[in-house]
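# Commentary on secondary and tertiary structure
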Amino acid sequence: MNIRKYQSKDCNEITQLFYNTVHSINTKDYTQAQLNVWATGVVDKDAWDKSLTQHYTVVCEQDGIIVGFGDIDNTGYLDRLFVHRDYQGIGIATTIVNNIKDHAIKHGIALITTHASITAKPFFKNKDIRLLKNSKLSETSRY
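Along each chain, the written sequence defines residue order, and numbers are assigned to residues from 1. Selection of residues for local features in this predicted model requires a pLDDT of at least 70, selection of side-chain atom pairs for listing and counting requires 80 or more, and totals for whole chains, interfaces and linings are taken over all residues. Side-chain measures here rest on the full set of heavy atoms in the structure, leaving out hydrogens and waters.

## Points about the overall build of the chain
Secondary structure assignment for the chain yields five helices and six strands. Along its sequence from the N terminus, the chain presents helices and strands in the succession β-α-α-α-β-β-β-α-β-α-β. Computed over the C-alpha atoms, the radius of gyration of the chain is 14 Å, within 12% of the 15 Å expected from 2.2 N^0.38 for a compact globule of 143 residues. Seen along its three principal axes, the alpha-carbon backbone of the chain occupies a region of about 40 × 30 × 30 Å. With a 1.4 Å probe rolled over the protein chains alone, any residue whose accessible area is under 20% of its type maximum counts as buried; one over 50% counts as exposed, and the rest are partly exposed. The buried share of the chain, taken over its 143 residues, is 44%. Taking all contacts inside the chain whose residues are at least 6 apart in sequence as the whole, residues at least 24 apart take part in 62%. Accessible surface for the chain amounts to roughly 8000 Å². Of this, 47% is attributable to carbon and sulfur atoms. Counted as positive: Lys and Arg. Counted as negative: Asp and Glu, with His and the chain ends omitted from the count. We put the charge of a Lys on NZ, of an Arg on CZ, of an Asp on CG and of a Glu on CD. With 17 positive and 15 negative side-chain charges, the chain shows a separation of 6 Å between the mean positions of the two kinds. Secondary structure counts use DSSP, requiring at least four H or I residues in a row for a helix and at least two E residues in a row for a strand, with both numbered from the N terminus. We compute the radius of gyration from the C-alpha atoms alone; for a globule the expected value is 2.2 Å times N to the 0.38, where N is the number of residues. Contacts between residues were defined by any pair of non-hydrogen atoms, one from each residue, lying within 4.5 Å. In this description, accessible areas are obtained by the Shrake-Rupley approach with a 1.4 Å probe, and a residue is regarded as covered only by the protein chains that are shown.

Have a look at this one:
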């Protein structure tokens, strides 16, 4: 497993990972309509790349495949954390979060916050990350 900084060439693979993860891992907690709003399959890759480049973003690779990614902005907001559906439960998200937390400490960020899905909320329980208001997806909301 290799953790490295995001590169623009990763954007296509990351957006596909995002879509596939949402539409497979989150199915136990959300309706298909909610998942379709959250991850439509139509992504503004330029906007994603710009955001991922502006944030501190890391990817986790295994055997040349991106199996996870996460990013934090300069205010301490953990914007995205997703792990490939076939690599769940083996410590990838924890490794990414630990890397992000190390970055935050080095840059004087005292508090990390995030909006977590119902599915991800248990993961964050003991991670020293403040969960912001967590509500179920409506069919008209992004999260």
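## Brief notes about the packing of aromatic side chains
In this description, a pair of aromatic rings is defined by centroid distance and the angle of the planes. Aromatic pairing here means that ring centres of Phe, Tyr or Trp (its six-membered ring) are within 6.5 Å. Orientation follows from the plane angle: under 30 degrees is stacked, over 60 is edge-to-face, and everything else is tilted. Per the counting criterion, the structure on display carries six aromatic pairs. On the numbers, 5.5 Å between centres and 70° between planes, the contact of Tyr30 with Trp38 is edge-to-face. Here Tyr30 falls in the buried class, since its relative accessible area comes to 6%. An aromatic cluster is defined as three or more aromatic residues linked by ring pairs; in this entry it consists of Phe18, Trp48, Phe69 and Phe82. A cation sits over an aromatic face here: Arg80 above Trp48, 4.9 Å from the ring centre. Any Lys NZ or Arg CZ that is within 6 Å of a ring centre and within 35 degrees of that ring's normal is treated as a charge sitting over the ring.

## Structural notes on the pattern of salt bridges
The salt bridge definition used is simple: a Lys or Arg side-chain nitrogen within 4 Å of an Asp or Glu carboxyl oxygen. All chains considered together, the criterion is met by five salt bridges. Where Asp10 meets Arg4, a salt bridge forms, and the shortest distance between an N and an O atom there is 2.8 Å. Accessibility classification places Asp10 together with Arg4 in one group, the buried group. Lys101 serves as the salt-bridge partner of Asp128, at 4.0 Å between the closest nitrogen and oxygen. Taken as a pair, Asp128 in the loop between α5 (121-124) and β6 (130-131) and Lys101 in helix α4 (residues 92-106) lie far apart in primary sequence, 27 residues in all. Its relative accessible area of 21% is what places Lys101 among the partly exposed residues. One network of salt bridges, with partners in common, ties together Arg4, Asp10 and Glu61.

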